[in-house]
Amino acid sequence: MLQMLQKGKGMTSLLLSIYQLLQSKFAHHILTAPSTTAILKPSSLPFLRHNRSYQIRGMTSVQGVQDPETVSYLRQSEAAEIDEILMGPLGFSVDQLMELAGLSVATAIAEVYKSSERSRVLAICGPGNNGGDGLVAARHLYHFGYKPYICYPKRTAKPLYNGLVTQLESLSVPFLSVEDLPMDLSDSFDILVDAMFGFSFHGTPRPPFDDLIRRLLNLTSPDMNASRLPAIVSVDIPSGWHVEEGDLSGDGIKPDMLVSLTAPKLCAKKFTGQHHFLGGRFIPPAIIDKFRLQLPAYPGTSMCVRIGKPPRVDISALRENYVSPELLEGQVDSDPFDQFQKWFDDALAAGLKEPNAMCLSTTGSDRKPSSRFVLLKGFNKDGFVWYTNYGSRKAHQISENPHAALLFYWDALNRQVRVEGSVEKVSEAESEHYFHSRPRGSQIGAIASDQSSVIPGQQVLHQKYKDLEAKYSVGSSIPKPKHWGGYRLKPEVFEFWQGQQSRLHDSFGLWLLNLHAFGSFCTTWLRYTPKEIDGKRVWKIDRLAP
């Protein structure tokens, strides 16, 4: 099995076989867990392929439902019963569930509020499990780059809670008494985590929590300046709300974010804030079936999932304050191909999805540009190679205008690389070699699809694929179609860009032709121009004003 995964072959059939085995024999015993993904480190670039996500689940009850109207909501008795089952016959411990819940809260916060913009977090923790969730969330937020503070006025004298306090103290996370807190919390904190009371709370909040709730209520006053208000994040239940009826008085906490745990409680239907997330990715199929739960599917390996549509935002207000090391002239390689190799290796090491994806821009004789993403399949001092259908739109444009531009964008590294140059077809032998290195399904697909042409419907393509699959039985060689092959872009210009704070980006271009410099918004450019010294080519580096 491991050898098959490492070779990247038979992935689909292998995972489907595992899925069928699990579903038939162990369906009632397997938990829905973060999807298992094999990370295949390529030995060479031509074999860098991304097998699309295959999720293995013991049951199919969990649907990708994100509409709040179709998600299941729990009554208080149901929530309590689920906890009893989890910590009884299903073998979970309180500390396990608390760790998963706190991590879910922290990841939901990080999903919406960036540490570069809202770093100061005050977690107000109650004496029960909800407070423990807040303590765990604060620890994870510390490791995510936030600056957490804890207000924990009624500590629970149990080893579990003592351990959580010790963990935070070892990180030098400050613990503040109620008396230490400013009356106006907006002056000192960017995010307020309401982890005071959970779904089992009854009655009226007692001191000092009644006062803390009033301080949170003051932040929702119309007299407050909304632009400077901290975000309020409630864990599972907004403190003071009725678990089923919600804010009965109408004067309760109105959080900006609610992170429901396990499944939303009935009061969550009354939540009117912008961000509703579900956390606690540990619900086994047995519970899903027993309570007939409809819950949204968690994306990838995430510990939280949004319920409902994200709020609309002002596009003009979207901006990123990049945090990256400076890109200095003395630290870059003198050869642009070597510099690209370093950055590409960094993208591989960072585990980015399809780091070889590049945007290819072409124009034909009509001068109308078009762009699409393709996959880089090789590069060296001769240029950058990709493969495609020679009858496609991009191929027609390249035949009319054999020049193109490539753009690589590595979001997690705050980097992008632009490459411009002339384009030529690779040799037939090179195309043949790569074609036969591809999976059989990809080879058949290249024959079946007349790329960019109009087809009557998807069923036509499926039937053509099936016919070809039958024609080329397993073991027989599949001929490369003449309309399929590779292109090589021979670089004339390189530009390397790295994001910096306040949009004073570092960017430098390496020019193989002495072209005119050009500007870009709010960037810093380093221009490389070739010159001859003692018969050798060297690069003259100039920094240009943004």
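Structure report, in brief. Keep in mind it's a predicted model, so treat the numbers as computed, not measured. Along each chain, residue indices are assigned from 1 in the same order as the chain's sequence is written. Given that the model is predicted, a residue must reach a pLDDT of at least 70 before its local features are reported, and side-chain atom pairs must reach 80 or more before they are shown or counted; all residues, however, enter totals for whole chains, interfaces and linings. Excluded from the side-chain calculation are hydrogens and water; included are all heavy atoms of the structure.

**Looking at the nonpolar core**
Among the nonpolar cores identified, the biggest contains 35 residues, and Ile109, Ile150, Ile191, Val193 and Met257 are the most heavily contacted of them. Per the convention used, a helix needs a DSSP run of H or I reaching at least four residues, while a strand needs a run of E reaching at least two, with both numbered from the N terminus. Those elements that place two or more of their residues in this core are α4 (94-112), β1 (120-125), α5 (129-143), α6 (159-170), β3 (191-195), β4 (231-235) and β5 (257-261). Residue contributions to this core peak at 6 residues, all from α4. Those residues in contact with Val193, other than ones at most four positions away along the chain, are Ile109, Val121, Leu122, Ala123, Ile124, Val233 and Val235. What is meant by a nonpolar core is a set of buried Ala, Val, Leu, Ile, Met, Phe, Trp, Tyr and Cys residues, joined one to another through side-chain atoms within 4.5 Å. We call a residue buried when its accessible area falls under 20% of the maximum for its residue type, exposed when it is over 50%, and partly exposed in between, using a 1.4 Å probe and counting protein chains only. Within the second largest apolar cluster, 29 residues are counted, among which are Tyr73, Ala79, Ile287 and Phe291. Residues count as neighbours in contact if any of their non-hydrogen atoms are within 4.5 Å of one another.

**Brief notes about helix α10 (residues 393-400)**
The complete set of buried residues in α10 reads Lys394, Ala395, Gln397 and Ile398. Seen along its axis, α10 keeps its buried residues to an arc of 160°; they face one direction. For α10, the elements touching its buried residues are β8 (357-363), β9 (369-375), β11 (383-389), β13 (415-425) and β14 (484-498). For this quantity, the arc is that covered by the directions from the helix axis to the C-beta atoms.

**With respect to the side chain of Ser239**
In this fold, Ser239 is placed in the loop between β4 and β5. Residue classification places Ser239 among the buried positions, given a relative accessible area of 1%. N or O atoms closer than or at 3.5 Å make up a polar contact, with two conditions inside protein: a donor-capable atom paired with an acceptor-capable one, and, for residues adjacent in sequence, both atoms drawn from side chains. Among the polar contacts listed, one links the side chain of Ser239 to the backbone nitrogen of Phe197, at a separation of 3.2 Å.

**Focus: unusual backbone geometry**
The amide bond that connects Pro207 to the next residue, Pro208, takes the cis arrangement and shows omega of 0°. If you check the backbone angles, Asp236 has positive phi at about 70° while not being a glycine. Among the secondary structure elements, Asp236 is positioned in the loop between β4 and β5. Phi is positive for Thr262, close to 70°, though the residue is something other than glycine. Mapped onto the fold, Thr262 is located in the loop between β5 and β6 (275-279).

**Things to note about the pattern of salt bridges**
Criterion for a salt bridge: a side-chain nitrogen of Lys or Arg within 4 Å of a carboxyl oxygen of Asp or Glu. On inspection of all chains with the given rule, the structure shows 14 salt bridges. Put simply, Lys265 and Asp236 hold a salt bridge, and the shortest N to O gap is 2.8 Å. Taken as a pair, Lys265 in the loop between β5 and β6 and Asp236 in the loop between β4 and β5 lie far apart in primary sequence, 29 residues in all. Across this residue pair, the class does not change: Lys265 and Asp236 are buried.

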